[in-house]
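Survey of secondary and tertiary structure
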Amino acid sequence: MKIGVLALQGAFREHEEVLGRLGIRTVEVRKPDDLHGCDGLVLPGGETTTQRKLAKTYGLWDPLARLGGRGMPILATCAGLILLATRIDGEAGSSLGLLDIDIRRNAYGRQVFSFETSLSVGRTAETAGRADPFRAIFIRAPRIVRTGPAVSVLASHAGEPVAVEQGNILGLTFHPELTPDPRFHTHFLEIVRRAAASREEGKPGRDSMETAVGNHP
Ligand code: GLN
């Protein structure tokens, strides 16, 4: 298994470290070619506007949209999650529209309002065999202000979703790569394994993923 980590800006090294500790091979994605052969992708936190601009400049925007549309498993955290949303509330900036949520950037206020809290994460806790809660770090985090019918909520904070899943996409408004608890990464790897298994069964597979990386429509 090989996981591509979008390495244009932000907290990509920390994700690589967590995946490395879990015995997973990672590749830093900076250009479309780096996407070849990836079984899953991580879109890290950072600064949305910068990441969007760099992804477009390096020709990654369209391949990412195509791969996501074809079921490539994606773990998106914070800025990465903003880029996946259907709609970024109050902003004209484009998004990949792969996850049916509306999201509001910097919605808890300025940097000083970044915080750490405990989340109840029953389902993922079970998966990795650890007890609740999950210690989550929110850094100038966005808020998910709408979830579509296909989106399941894995964890909430103050009554609002902060961890969501839709198909092969796992989206988190916080930074699981900054705490030693790998449950969300482990859960993501299960999504990747499940997607690989259904490809084996002849569903849309690696070939169609490979075409998606290329620069044709
Ligand atoms: N505030 C950032 C943005 O909107 C996201 C924060 C993060 O990724 N930690 O771009």
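A few points on the structure.

Rules used throughout
Residues numbered from 1 in each chain as written. Predicted model: local features only at pLDDT ≥ 70, side-chain atom pairs only at ≥ 80, totals over all residues. Heavy atoms only, no water. Salt bridge = Lys/Arg side-chain N within 4 Å of Asp/Glu carboxyl O. Buried < 20%, exposed > 50% of the residue type's maximum accessible area, 1.4 Å probe, protein only. Helix = DSSP H or I, 4+ residues; strand = E, 2+ residues; numbered from the N terminus. Pairing = 2+ DSSP bridges. Axes fitted to C-alpha atoms, helices over the stretch in contact; angles between N-to-C directions. Near = heavy atom within 4 Å. Polar contact = N/O pair within 3.5 Å; in protein donor to acceptor, adjacent residues only side chain to side chain. Areas by Shrake-Rupley, 256 points an atom, 1.4 Å probe, with all protein chains shown as cover. Contact = heavy atoms within 4.5 Å. Arc of directions from axis to C-beta.

Moving on, we get to the pattern of salt bridges. A side chain with one charge may pair with a side chain of the opposite charge, provided their charged atoms come close. Tallied over the entire structure, the rule returns 14 salt bridges. Of the charged contacts in the structure, one is a salt bridge between Arg30 and Glu28, with a shortest N-O distance of 2.7 Å. The class of Arg30 is partly exposed, set by a relative accessible area of 35%. Owing to a relative accessible area of 26%, Glu28 belongs among the partly exposed residues under this scheme. For Glu47, the salt bridge goes to Arg105, with nearest N and O atoms at 2.8 Å. One end of the pair, Glu47, is in the loop between strand 3 (40–43) and helix 2 (48–57); the other, Arg105, is in the loop between strand 6 (99–104) and strand 7 (115–119), with 58 residues separating them in the sequence. Looking at Arg105, the relative accessible area reads 16%, which means it is buried.

This part is about the sheet that holds strand 6. Across the sheet, which stays open at both edges, the three strands sit in the order 5-6-9 with mixed pairing between neighbours. Here the strands that pair on one side only, and so sit at the sheet edges, are strand 5 (85–88) and strand 9 (143–147). Recorded for the sheet is a direction-independent mean angle of 35° between the axes of neighbouring strands. Bridge analysis of strand 5 against strand 6 gives three bridges, and the strand direction is parallel. The residue bridging Ile88 from the neighbouring strand is Ile103, located in strand 6.

So, about the site of the ligand. In the vicinity of the ligand, the residues found are Gly45, Gly46, Glu47, Thr48, Cys78, Ala79, Ile82, Arg105, Asn106, Ile139, Arg140 and His175. One nitrogen or oxygen atom from the side chain of Thr48 is found 2.6 Å from an oxygen atom belonging to the ligand. At 2.4 Å from a nitrogen atom of the ligand is found a side-chain nitrogen or oxygen belonging to Asn106. A total of 300 Å² of accessible area belongs to the ligand in isolation, and the protein chains cover 94% of it.

Before going further, it helps to spend a moment on the pairing of strand 8 (residues 134–138). By the criterion of burial, strand 8 is predominantly enclosed, with four of the five residues buried. Judged from the five bridges that link them, strand 7 and strand 8 form a sheet pairing that is antiparallel. Its bridge partner being in strand 8, Leu119 is matched across the sheet by Phe134.

Residue placement: Asp34 occurs in the loop between strand 2 (25–29) and strand 3. Residue Asp34 is classed as buried on the basis of its relative accessible area, which comes to 14%. For Asp34, the side chain forms a polar contact with the side chain of Lys31, separated by 2.8 Å. Discounting residues that sit within four places of it in the chain, Asp34 has contacts with Val27, Glu28 and Val29.

Attention shifts here to the sheet that holds strand 11 (residues 160–166). One open sheet holds the seven strands; their spatial order is 2-1-3-4-12-11-10, and the pairing between them is mixed. Each having just a single partner strand, strand 2 and strand 10 (152–157) make up the two edges of the open sheet. Here the strands of the sheet are splayed against their neighbours by 20° on average, with no regard to which way each runs. Sheet topology places strand 10 next to strand 11; five bridges connect them, and they run antiparallel. If you follow Ala155 over to strand 11, its bridge partner there is Ala163. On top of the sheet, helix 1 (residues 12–21) reaches strand 1 (2–6), strand 2, strand 3 and strand 4 (74–77); it is set at about 165° to strand 1, its chief contact.

To continue, consider helix 2. Listed as buried for helix 2 are Thr48, Gln51, Arg52 and Ala55. For helix 2, the angular spread of buried residues about the axis comes to 100°, placing them on one side. Of the exposed residues in helix 2, those oriented more than 90 degrees away from the buried face are Lys53 and Thr57. Two or three places before Thr49, at the start of helix 2, stands the capping residue Glu47, its side-chain oxygen 3.3 Å from that residue's backbone nitrogen.

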